[in-house]
Each structure stands twice: as structure tokens, then as C-alpha cells.
Amino acid sequence: MASSILIKNEARLGLKMVAPAIGIIGLLVIYPILFNIYLSFFDVQLNGTKTFVGLDNYSDLLGNPRYYHSIGVSVIYLLGTVIGTTVLGLAAAVLMNQEFHFRNIARGLILLPYFAPVISVVFGWQFIFDPVNGIYNHVVVDVLHLTDTRENLIGNPDSALFVVILFDIWKHFPIAYLLLLAKLQSVPKDLYEAAAIDGQNAWGRFWHVTLPELKFVIATVVLLRIIWNLNRFEDVYLLAPNVETLPIFTYYQAFAGIVDQGGAAAISVIQLLVLVGLIWLYVRKVLKW
Amino acid sequence: MSSVILRNVNKSYGNLPIVKNLNLEVKDGEFVVLVGPSGCGKSTTLRMVAGLEDITQGDIQIGDRAINDLPPHKRNIAMVFQNYALYPHMSVRENIVFGLKKSGADAQTIKRKLADVSEMLKLDDYLDRKPADLSGGQRQRVAMGRALARDADVYLFDEPLSNLDAKLRHHMRTEIARIQHQYNMTAIYVTHDQIEAMTLGDRVVVMRDGVVEQVGTPMEIYLQPTNTFVATFIGSPAMNLFEAKIEGEDLVFDKYRIPASKIANVDMHNLASHETVLVGIRPDFFEDSALSLKRSPSDNLFEFNDIEVDLVENLGFDKEIMFKLGGEDAKARLDLRSHVQRQENISLSVDLNRVLLFDTSPQGMLINAGEV
Ligand SMILES: Nc1ncnc2c1ncn2[C@@H]1O[C@H](COP(=O)(O)OP(=O)(O)OP(=O)(O)O)[C@@H](O)[C@H]1O
Ligand SMILES: [Mg+2]
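Residues numbered from 1 in each chain as written. Chains lettered and ligands numbered in written order. Predicted model: local features only at pLDDT ≥ 70, side-chain atom pairs only at ≥ 80, totals over all residues. Heavy atoms only, no water.

## A few points about the layout of surface pockets
Residue and element names in this part refer to chain A. Estimated volume of the largest pocket: approximately 690 Å³. Taken together, 18 residues make up the lining of the largest pocket; nearest its centre are Asn97, Gln98, Lys189, Tyr192 and Arg205. Mapped onto the lining of the largest pocket, the elements with two or more residues apiece are helix H9 (189–197) and helix H10 (202–230). Residue composition of the lining of the largest pocket, by class: nine nonpolar, five polar and four charged. (1 Å grid on protein atoms, 1.4 Å probe; cavity = no way out; pocket = protein on both sides within 12 Å on 5 of 7 lines; lining within 4 Å. Points joined across faces, edges and corners; volume = space filled by probe spheres on them. Helix = DSSP H or I, 4+ residues; strand = E, 2+ residues; numbered from the N terminus. Nonpolar A, V, L, I, M, F, W, Y, C, P; charged D, E, K, R; others polar.)

## Quick look at the packing of helix H4 (residues 136–148) of chain B against helix H5 (residues 166–183) of chain B
Residues and elements named next belong to chain B. Across the interface, H4 lies against H5 with an axial gap of 13 Å and an inter-helix angle of 5°. As summarised for this structure, H4 and H5 are arranged roughly parallel, according to the angle between their axes. Facing H4, whose interface residues are Arg141, Met144 and Leu148, H5 presents Leu168, Met172, Ile176 and Ile179. Of the residues in the contact of H4 with H5, the class split is six nonpolar, no polar and one charged. (Axes fitted to C-alpha atoms, helices over the stretch in contact; angles between N-to-C directions. Parallel < 35°, antiparallel > 145°, perpendicular 65-115°, else oblique. Contact = heavy atoms within 4.5 Å.)

## Remarks on the site of ligand 1
Residues and elements named next belong to chain B. Close to ligand 1 lie Tyr13, Ile18, Ser38, Gly39, Cys40, Gly41, Lys42, Ser43, Thr44, Gln82, Glu159 and His192, which account for all nearby residues. When isolated, ligand 1 has an accessible area of 640 Å², and the protein chains bury 60% of it. Residues of the shell around ligand 1, tallied by class, amount to three nonpolar, seven polar and two charged. (Near = heavy atom within 4 Å. Areas by Shrake-Rupley, 256 points an atom, 1.4 Å probe, with all protein chains shown as cover.)

## Some remarks on the interface of chain B and chain A
The interface is formed by 21 residues belonging to chain B together with 17 residues belonging to chain A. Linking chain B to chain A there are two salt bridges. At the junction of chain B with chain A, the criterion picks out eight residue pairs in polar contact (both at pLDDT 80 or more). The set of elements that each furnish at least two residues to the side of chain B that touches chain A consists of helix H1 (42–50), strand S6 (77–80) and helix H2 (92–102) of chain B. Residues of the side of chain B that touches chain A, tallied by class, amount to 13 nonpolar, four polar and four charged. (Salt bridge = Lys/Arg side-chain N within 4 Å of Asp/Glu carboxyl O. Polar contact = N/O pair within 3.5 Å; in protein donor to acceptor, adjacent residues only side chain to side chain.)

## Concerning the UniProt feature "domain: ABC transporter" (unreviewed entry) in chain B
In this structure's numbering, the residues bearing the UniProt feature "domain: ABC transporter" (unreviewed entry) are residues 4–234 of chain B. Annotated as residues 4–234 of chain B, this span is 36% helix and 26% strand, and its ends, taken at the C-alpha atoms, are 25 Å apart. (UniProt positions renumbered as here; feature names shortened; annotations may be inferred.)

## Comments concerning the UniProt feature "transmembrane region" (unreviewed entry) in chain A
All names here are of chain A. The UniProt record marks residues 21–41, 67–96, 108–128, 160–182, 214–231 and 251–283 with the feature "transmembrane region" (unreviewed entry), using the residue numbering of this structure. Along residues 214–231 the backbone is 94% helical and 0% strand, and the end-to-end C-alpha distance reaches 26 Å. With 85% helix and 0% strand, the stretch residues 251–283 has end C-alpha atoms that lie 29 Å from each other.

## Focus on unusual backbone geometry
Residues and elements named next belong to chain B. Geometrically, the link from serine 236 to proline 237 is a cis peptide bond, its omega value of -5° lying close to zero. Considering the arrangement of structural elements, one finds proline 237 in the loop between helix H8 (228–233) and strand S11 (240–247). Within the chain, asparagine 184 stands out as a residue other than glycine whose phi angle is a positive 55°. You can call asparagine 184 partly exposed: its relative accessible area is 45%. Positive phi outside glycine occurs at aspartate 254, with the angle close to 50°. One can find aspartate 254 in the loop between strand S12 (250–253) and strand S13 (256–259). (Buried < 20%, exposed > 50% of the residue type's maximum accessible area, 1.4 Å probe, protein only.)

## Quick notes on the coordination of the magnesium ion (ligand 2)
Six octahedral donors around a metal ideally sit at 90 or 180 degrees from one another, while four tetrahedral donors ideally sit at 109.5 degrees. All names here are of chain B. Around the magnesium ion (ligand 2), the protein contributes the donor atoms Ser43 (OG) and Gln82 (OE1), at 1.9 to 2.4 Å from the metal centre. Of this pair, serine 43 sits in helix H1 while glutamine 82 sits in the loop between S6 and H2; the two residues are 39 residues apart in sequence, bridging distant segments of the chain. Residue serine 43 is classed as partly exposed on the basis of its relative accessible area of 22%. (Donors = N, O, S within 2.8 Å, 3.2 Å for Na, K, Ca; no water.)

## Considerations on the sheet that holds strand S20 (residues 356–358) of chain B
Residues and elements named next belong to chain B. The strand order across the open sheet built from five strands is S13-S12-S11-S14-S20, with neighbouring strands paired in antiparallel fashion. The open sheet has two edge strands with one neighbour each: S13 and S20. Direction aside, the axes of adjacent strands within the sheet are offset by 40° on average. (Pairing = 2+ DSSP bridges.)

Quick look at the structure:
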């Protein structure tokens, strides 16, 4: 068949074009991963001396309650941020797909949080939740009189987790919005018309036309967000270093207090395995790609 | 079922008027066919009835309620879109029953309707496919099925058979006619197909540039077109028009003198107020004089002698010939038994009861209007 010949030709050309990239990626990605696996079987001293310890790093880790705690924190963080950015991004995309004045300006403005450098916006957020001068406590305590006590939301690790989630949603929903809007604009208008004729109101049209049309983009957004946020470090660490997600725990393990590079390597090996497994499951079972 | 009334309906995009002062009453159970050249506003009119376009000015009423401000999902209308608009993520089956389900039909009804529709539209083998895996004609049938499965007050069809082959089109046409008679559906049906317009319509609406030129039964439109636009738009090949001078009681063009008094419905007094008229003769109304078919003394025939044939096209069941009359190109459709040859001199006869006269104003209005 002509089409399958074409597809084969394209595949061959594609292979030639990506070959150099595969080489570079191999060096930059595969080597560190392999080295990491290697390290995870050693006790590494600051001066560089390594002692082979077998699976000790792994058994230490699995016996460490802080490790399980950080897994729990990461799960909440992932659930909150992935759902939050996707839903908010979807809402923004649907809104920005309507016709209104200054739509183009609004479309651009929404992207701002995504462009803003983490380091500068983090301080803004810390200021918002400052227990003494922050606007959050001012509004909650002085204006709305919801409580009498000023809270240090970021100081307390439990509430800080939610501030961190909120921050991530605010900072990263624009990327979800951007991807979803691009797809939304290509949904044929007549599908909405047909659904309206078939008796569907706005909500029904969203449910039966918009969502099915966006299905794969939503799935892609979710996948990307999971991958990015499982490894997210700087946003969390800069805003609330007391929120111990997996990457933060790994960092403390490797570079703070008792330096334990071998232990940290073990964490990342486990994390890599989990991530690969998760993505495989998601792609095969959820997306059915 | 419900009637549909459009009162002084106008539609503009910006300053550009698209539909101008349209008035139309579709009675309960009536099948109205909308025809007109491409871009004349047929789809726009349907879409206003459906609620997909807002009305710039005027009123639309379905049954006895005004629906100007009623959103489409509350109008209980079924529609076949010109470009199908099937739901790509749903199977053919799901596409067909989607609206039916929404309307709250029970499982039994849904099953029965699906079976009816898929049998009628010959879709049985495709029910589990997605629209992307269908041919254009198959998609069009699904779109049709989606509308026919519904139990709507009004059915709107936008060229629903345009993509089917001749045989399937004929089958569907008769099916539509059958359903129409069985369920008495109120329908507005847009088509470019003359045969569909003539056979399906209780009444035909001819539009041009957003204006209704004529509304009438198919026979009225065919035999008594109100102006030259309708006369030449309906009927294929188009009606021949010859400009003739009025000399006393005769219409004169080329070497022919037609006694005006023998043409049906001519008011001689009125005719005298014109200097020239357009004589309209449908190609179908010419006969090969050599055949002398069905001729009797009471026939009101006029002979065009000495006509040179430019071209003969055999269509199987009849033949079309082209010739010159008064310097104009003209066409006639002759009986299969005619033996006319190219470049032969023949004479053609015309039943004067079928000859139409139009004035020479830009509108070209019919002069000899009468009973059909
Ligand atoms: N959104 C729009 N803005 C401006 N003009 C439009 C718009 N939609 C349609 N038109 C114009 O309105 C006119 C009528 O269009 P419509 O689709 O009703 O034609 P139609 O009679 O259905 O033609 P066809 O037989 O080709 O389907 C056309 O001239 C078209 O260019
Ligand atoms: Mg159209």
C-alpha cells in the first residue's frame, strides 16, 4: 500500500535525523542515571572516597519514617497541583475562547505568572502570607473577621503545603491554559451547533463536545504536570523550605547536615523507577496510546 | 409538529444585508422546499429558524410561541447540516441516538427508532464505526438519520442528499416523501436539485440575494413563474427567452409572427401598453413538427419553420437540440422518436397555452398570469 511505503520512508528519515540527538541525550541523560545507580550502592564521603555497602542505602531509606512522610507530602502536592492547574487552565481556556473586548490583551496577561522568574514572585508570595504585615492576615483577620488569630501559614509545614500548592497552581496553570486554548480554537463550531440542536444546553455542550475534543490535550497536560512536579524543587524550596516533598527530602539527605550522597542516589533511583512505571501505566492504560 | 412563521425577517452581517424582509408561513405538516443560487441566504434562513444565527430584525414563530430569544436547545428542532457536523468521538449509533436520548425517550423507543432509521438509510453495517471511517455519502446519511430519529416540532434540511449517488439519492428522496406523508412532518428543505424541489415540496420558495422571489406549489412555480429569474432558475435546461416587438395583435421576432390573442391569459389591452416583451418557452414545450404527436384540430399550436439545428445531444429517453431563434441561442427537448440531425432544417411547434410573456423591465415580470 502506498501509504505504508510513505510511512516507512518517513520513519527512516526520522531515524537519521534524530540519531545525533540520541547520541547527545545518551551522554547527558543515560550516563548520570547509570552513575546514580552505581553510587546508590556506595557510602560516599565528602572527600570522594567510596565504600561499597551493598543494599544498605536502600534498607536505611526504607526504614526511615521521614522518607515515607515525604512521599505522603509529594502525593498531596502532586494531586493538588496537577488537578488545580488542569482545572484552572481549562476554565481560563474556555473563558478566553469566548468573544469579548480586549480578548487578545487578556489572553497575553494570563501568561504572566508563567513568565515571571520564580525567585522574584516567591518573595511576593511570602509577603502576602507574612503573619504581621501580609495582606492575607489583614483580610482574614481585620477585614472579614473570620478568626482573631494571625496565622503564619508558611511557617507551619502543614499549611505551608497548601500555600506551595496554591503557588504552583498560580504559576503553572498558564501552560495548561495555553495548550488547552490552542486545541479549543480548533474545535469545529458546528459541533456545538449540532449539540445545541440536539437539545444540549451550555453545560451539556461542554460535557459532550468540549471535553471529548480536549481529551488528549488534557491527558497530555496531566502527564507533563506529573513529570514536572514530581521533580519540582526550586518553587517549593524557595517559598517554604519546610515542606518536605521528595526532591526536598533528597536534597536534605544529600547536601545538608549529614551529607549522604549514596542515600540520595538510592532515593532518586527508586523515584526514577516509580516515575517510569507510572508513566508507562498512564500512557498504556489511561490514554491507550 | 408545529407551524413556522417568519415575519419581516432581516439578517445582516455588519452593514451587509444577507436576508431581506423575508415573509414565509410554513403550515403545520407542510413540506417547504427552499431553492436559490449559491449564497442567496438559504442556509442563513434555516439557521435563523434553528436559533444558530440571531435575527437582525423581524419575528420567527414556531407553533404559537415567538422564539426570537429562545436558545436553540429549547426549540425542539431537528436539523441536517450542510457539512454534516457529526460528533467525531461517537460511533454512528451514538450519533443517531444522541438527541433522542437527551429528549428523554425510553430505551424501547430509542432501539426501535435506531432500527428504523438505520434500515431506511442503509446504515446497518456501519453502526459501530466512527464518522472518520465513513465516506462522504455515508456521513451524510448519518446526519440525516440523526435528524430523522428525533421527534421534533420542525425539521430543517440543508442539502441533505447532495453527496449521494443518483440511485441512493432517488431511494432517499422517496423515503423522505414516505416519512413526510406518514408522520406529517413540518419541514424546510434546502436543495439545489430541481427534481427534489419538484417532487418533495408541498410548496417551493425561490430566493435570490436574500429576497423571496416566489412562493408556490411546484406546478405554479414551473408553469407560472412570476418573473424571468424564477422562470430561468427553475427547469433544466433553462427556459428560452426571446425579445419580441409588439405590432398590432402580433408578437414579432426574427421572421415569426405569433398571434398574441391565442396565447393563454393575455390581456390584449394591457399588452398594447408594451413596446417589446420577452417570450418565454420551456425547452420541454417544443415538439418536432415532423412527428405530429398528439395533434388535433383544437390544438393551439404555433409552428417555428425553417430552423437550423446546431447540435443534437442524445440523452437516452429524449434528446436536446440547440438552435438559433431570432439570433439567440435556444434549446428544445424533443421526443426520442425525433430524427433531427445536426445542420438539418426542421420545424418546431409549440402549444401557445404554454407560452409565457414577460415585460422587459429589469425584473422581467410575468404579463400573462393566470390559472395553472
Ligand atoms: N459570518 C458571515 N459574515 C459575513 N457574511 C456571511 C457570513 N456567513 C454567511 N455570509 C454570507 O451570507 C450569504 C448567504 O450565505 P448562505 O450560507 O445562507 O448561502 P446559501 O444560500 O446557503 O448558499 P449555498 O447554496 O452555497 O449553501 C453569502 O453571501 C455568505 O457569503
Ligand atoms: Mg447553504
